[in-house]
Every structure is written in C-alpha cells, then in structure tokens.
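Examining the three-dimensional arrangement
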Amino acid sequence: GPRTTPLVLVTVALAHTSNGWSESRNSIRPNSACCNLAFGIGSRCQPLHGASKVTCFSTSSSDNSGSIPSPLPPGWIQTKDLVQVFGGAGGPRPGLVPEEIPTLLMTALSLNDDPYPNAGLESMWEFAGGATQHIFKNNMTDFIESAHETANEFPTSLYGVALYGQSWEIETDINRVGGEEGWIATQVMKTVASDGRVRRWQWELRQNKRPPCLGCWKVETVASSDRKGNFEPE
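Treat the numbers as computed from the prediction; the structure is a model and nothing was measured. (Residues numbered from 1 in each chain as written. Predicted model: local features only at pLDDT ≥ 70, side-chain atom pairs only at ≥ 80, totals over all residues. Heavy atoms only, no water.)

Some points on the overall build of the protein chain
Across its full length, the protein chain holds five helices and 13 strands. Within the span of the protein chain, comprising 234 residues, buried residues form 44% of the whole. Carbon together with sulfur atoms contributes 48% to the accessible area of the protein chain, which is approximately 11,800 Å² in total. (Helix = DSSP H or I, 4+ residues; strand = E, 2+ residues; numbered from the N terminus. Buried < 20%, exposed > 50% of the residue type's maximum accessible area, 1.4 Å probe, protein only. Areas by Shrake-Rupley, 256 points an atom, 1.4 Å probe, with all protein chains shown as cover.)

What about the environment of A89?
Following the sequence through the fold, A89 ends up in the loop between β8 (84-86) and α1 (101-110). Each C-alpha atom, one on A89 and one on W76, is 8.6 Å from the other, the two residues being 13 residues apart in sequence. Not counting residues within four places of it along the chain, the set of residues in contact with A89 comprises L104, L105, A108, S123 and F127. (Contact = heavy atoms within 4.5 Å.)

Quick look at unusual backbone geometry
Note on backbone geometry: most residues besides glycine have negative phi, and most peptide bonds are trans. Residue P115 is bonded to the preceding D114 through a cis peptide linkage, with omega at 5 degrees. With respect to the helices, strands and loops of the structure, P115 is situated in the loop between α1 and α2 (119-127). Of note, the amide linkage connecting P211 to P212 takes the cis form, showing an omega dihedral of 0 degrees. You can see P212 is positioned in the loop between β12 (198-207) and β13 (217-224). Despite not being glycine, K137 shows a phi value in the positive range, around 55 degrees. Tracing the backbone shows K137 in the loop between α3 (130-135) and α4 (140-153).

Quick word on a negative patch on the surface
There is a patch of like negative charges on the surface, built from E99, D173, E180 and E181. Residue position: E99 is located in the loop between β8 and α1. (Patch = residues over 30% accessible without salt bridge, like charges linked within 9 Å, V, L, I, M, F, W, Y side chains within 5 Å. Salt bridge = Lys/Arg side-chain N within 4 Å of Asp/Glu carboxyl O. Lys, Arg positive; Asp, Glu negative; His and termini not counted. Charge placed at Lys NZ, Arg CZ, Asp CG, Glu CD.)

Describing α2
With respect to burial, α2 is a largely interior element, seven of its nine residues being buried. Within the sequence span of α2, burial applies to A119, G120, L121, S123, M124, W125 and F127. Close packing links the buried residues of α2 with α1, α3, α4, α5 (158-164), β12 and β13.

Section: the pairing of strand β11 (residues 184-192)
For β11, the tally of buried residues reaches eight of nine residues, placing the bulk of the element in the interior. Bridge count for strand β9 (residues 167-170) against β11 is four bridges, and the pairing is antiparallel. Of the residues in β11, the one forming a bridge with I170 is M189. Looking at chain direction, strand β10 (residues 175-177) and β11 are connected through three bridges and run antiparallel. (Pairing = 2+ DSSP bridges.)

Re the packing of aromatic side chains
What the rule picks out here adds up to five aromatic pairs. For the ring pair F143 and Y159, a centre distance of 6.4 Å and an interplane angle of 65 degrees mean the geometry is edge-to-face. With a gap of 16 residues between them, F143 in helix α4 and Y159 in helix α5 connect regions that are remote in the sequence. When sorted by exposure, F143 lands in the same class as Y159, which is buried. Three or more aromatic residues link up through ring pairs in this structure, and these residues are W125, F136, F143 and Y159. (Phe/Tyr/Trp six-rings, centres within 6.5 Å; stacked < 30°, edge-to-face > 60°.)

Let's talk about the packing of α2 against α4
The geometry of α2 relative to α4 is characterised by a closest axis approach of 10 Å and an angle of 120 degrees between their N-to-C directions. The angle between α2 and α4 places the two elements in the oblique class. Relative to α4, the crossing made by α2 is right-handed. Counted together, L121, E122, M124 and W125 of α2 and M140, F143, I144, A147 and H148 of α4 form the full contact between these two elements. In terms of residue class, the contact of α2 with α4 is built from seven nonpolar, one polar and one charged. (Axes fitted to C-alpha atoms, helices over the stretch in contact; angles between N-to-C directions. Parallel < 35°, antiparallel > 145°, perpendicular 65-115°, else oblique. Left-handed = near helix turned anticlockwise from the far one by under 90°. Nonpolar A, V, L, I, M, F, W, Y, C, P; charged D, E, K, R; others polar.)

Some details on the side chain of Q133
Mapped onto the elements of the fold, Q133 is located in helix α3. Using a relative accessible area of 18% as the deciding quantity, one classes Q133 as buried. Side-chain polar atoms of Q133 contact the backbone oxygen of W125, separated by 2.9 Å. Apart from residues no more than four positions distant in its own chain, Q133 is found in contact with W125, E126, A128 and N138. (Polar contact = N/O pair within 3.5 Å; in protein donor to acceptor, adjacent residues only side chain to side chain.)

Purely geometric stuff here, so don't read any function into it on its own.
Written as structure tokens, this is what we have:
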C-alpha cells in the first residue's frame, strides 16, 4: 500500500504576461531593489518582517488591465506598491477550504524561512492532525529537526521535495468523500526531486468536528506513491 508521512513541497510565484498568469521561482535578498522575475519584469519590493528573501509577482508592462488576481490566494499579501509577497501560511482557520491547503502549505515549505526561519515547517505543524502531534509528543522542535534530517538524507521524501525539490504540481481536483458535506477530502500532487526522480502524493485532509478551531481543515496524512507513481501494489 502507499507509504504515509505523518505530515508534511519549490517556490512558486506568479508573473502576469500577455498570455495570462505564469509561474516563476525568484526571490531577493534584504535591501535588494527589485524582484527580477523570469520574464524580465522588475517590481519594487522589500522583505517582510526581516525575511531573508521575498517571492513576488507583478503585472507585465505590456498589459494595462491591472490584472492581479483578486482575491489573492491565502498567504499572499499586496504591498502599497501593488507588489505581491508571500507572508506565510499561518495555521488552520475558518474560511480555508480543503482545496486551498495543499497549495498553501507547499508554498510555505518551499519558502520555509519566510517570513522567519522555519515558518513553513511551523505551519505544517499547526496544520498537522492529532496523530502527527502525538508521534512527536506535542514537541514542535523535534518535529522540525526530524523534517530537516529527513530532507537532507532522502531527496524523494516529502520533506526532501518540499524544501529542496525541483518542482511540484497539483494533479487532481479535491475529492470530498461523501460529497460537499463530507469531512474527509483528498488531493493528488506530483513532485520532481532535486535529483530528478518523480513521486506522486495523496493528501488526506480532515475537518475538525470539535473545538478548538471547530470546522477547520487539517492534514491527516500525505501518502507517497512507488517509483512508478502508483499508490496501490501492482
């Protein structure tokens, strides 16, 4: 059967071109004057909260439609200069629907040290279901240390592709077990590790049925495929 990780991704920014929104993987250091996006678009921006880097997107100078996505995806912030920066995933909260969470957390881990060191892993911990927190005896520090150790040793692990992988993409729409009122949801993504190996992952999310954060969605497991991309044995 599939291997499961108790929790827990390739920095994705968006740049608008004449053909629509495109993904870009660019960041800047503190005090840098601009975000140099893949399409040669320059945007004035500054890191938030002492962050070591900022990922941003802007509109193409050739497109005057003012077409920045509205509303912004969860975690993204628009500065007064209309530059978009990722401000962190935060934790579970009412209003986040399950289809937003894998993308939000993947972005957070790919920008793990923004807006502060290990912010992405802290968010993964906050979104983790009770089983994960039980395994680590409710110790977030141990969880973060374990994630880094796994990432450094195993490039195709979820932590490896999250922190150091080449790319990721969501492959399927969200699947709510039992229909729109279901409290279990799954979604599949594909990752390419730093060494080029491909894996597929199935996220399982569950909705809290009691306080705290009644009704919030959390991550129960992330199951890995085999080397051929299959979740079930042949």
